[in-house]
Amino acid sequence: MNEKIFESYYEADSSGKIELIRKMTVKAVKKIKAKGKFDWERFRDDLMGFLD
């Protein structure tokens, strides 16, 4: 699985890499959110605003 992710990232152009980073960050944060208090909506809005 990790090999596919690496290959996708390696072969992607700049905008594709940014999108992959966004997806992986969101996935990681959702796992963290499940473990305790976390303002997911605020984090997502901040992240998307920062990366646009």
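Just so it is clear, the structure is predicted and the values come from calculations on it, not from any experiment.

Structural notes on the overall build of the protein chain
And step 1. Looking only at helices and strands, the protein chain has three helices and zero strands in total.
And step 2. Its C-alpha atoms give the protein chain a radius of gyration of 13 Å, clearly above 10 Å, the size a compact globule of 52 residues would have.
And step 3. Dimensions of the protein chain along its principal axes, counting C-alpha atoms only, are 35 × 25 × 5 Å.
And step 4. For the protein chain, with 52 residues in total, the buried portion stands at 12%.
And step 5. Element-wise, carbon and sulfur atoms account for 57% of the exposed surface of the protein chain, whose accessible area totals about 4700 Å².
And step 6. Charged side chains of the protein chain number 12 positive and 10 negative; the gap between the two group centres comes to 8 Å.

Regarding the packing of aromatic side chains
And step 1. On inspection of all chains with the given rule, the structure shows one aromatic pair.
And step 2. Taking the centre distance of 6.0 Å and the plane angle of 20° together, the rings of Phe6 and Tyr10 count as stacked. Separated by four residues within a single helix, Phe6 and Tyr10 lie in helix 1 (residues 2-11), roughly one turn from each other. Each member of the pair, Phe6 together with Tyr10, is exposed.
And step 3. Lying over the aromatic face of Tyr9, Lys17 brings its terminal NZ or CZ to 5.2 Å of the ring centre.

Here's the deal with the confidence of the model for the protein chain
Low-pLDDT stretches of the model should not have their predicted coordinates read in fine detail.
And step 1. Summarising the model, the protein chain shows a mean pLDDT of 82, and 94% of its residues fall at 70 or more.
And step 2. Of all helices and strands in the protein chain, the one with the weakest mean pLDDT is helix 3 (residues 40-51) (78), whereas helix 2 (residues 14-33) scores best (85).

Some thoughts on the packing of helix 1 against helix 2
And step 1. Remark: helix 1 packs on helix 2, axes separated minimally by 8 Å, with the N-to-C direction vectors making an angle of 145°. Contacts between helix 1 and helix 2 involve Ile5, Ser8, Tyr9 and Tyr10 from the first element and Lys17, Leu20, Ile21 and Met24 from the second.
And step 2. A breakdown of the residues in the contact of helix 1 with helix 2 according to their chemical character gives six nonpolar, one polar and one charged.

Description of the environment of Val26
And step 1. Along the polypeptide, Val26 turns up in helix 2.
And step 2. Taking C-alpha positions, Val26 is 7.6 Å from Arg44, a pair spaced 18 residues apart along the chain.
And step 3. Setting aside chain neighbours within four positions, we find Val26 in contact with Trp40 and Met48.

Calculation notes
Residues numbered from 1 in each chain as written. Predicted model: local features only at pLDDT ≥ 70, side-chain atom pairs only at ≥ 80, totals over all residues. Heavy atoms only, no water. Helix = DSSP H or I, 4+ residues; strand = E, 2+ residues; numbered from the N terminus. Rg over C-alpha atoms; globule rule 2.2 N^0.38 Å. Buried < 20%, exposed > 50% of the residue type's maximum accessible area, 1.4 Å probe, protein only. Areas by Shrake-Rupley, 256 points an atom, 1.4 Å probe, with all protein chains shown as cover. Lys, Arg positive; Asp, Glu negative; His and termini not counted. Charge placed at Lys NZ, Arg CZ, Asp CG, Glu CD. Phe/Tyr/Trp six-rings, centres within 6.5 Å; stacked < 30°, edge-to-face > 60°. Lys NZ or Arg CZ within 6 Å of the ring centre and 35° of its normal. pLDDT = per-residue confidence, 0-100. Axes fitted to C-alpha atoms, helices over the stretch in contact; angles between N-to-C directions. Contact = heavy atoms within 4.5 Å. Nonpolar A, V, L, I, M, F, W, Y, C, P; charged D, E, K, R; others polar.

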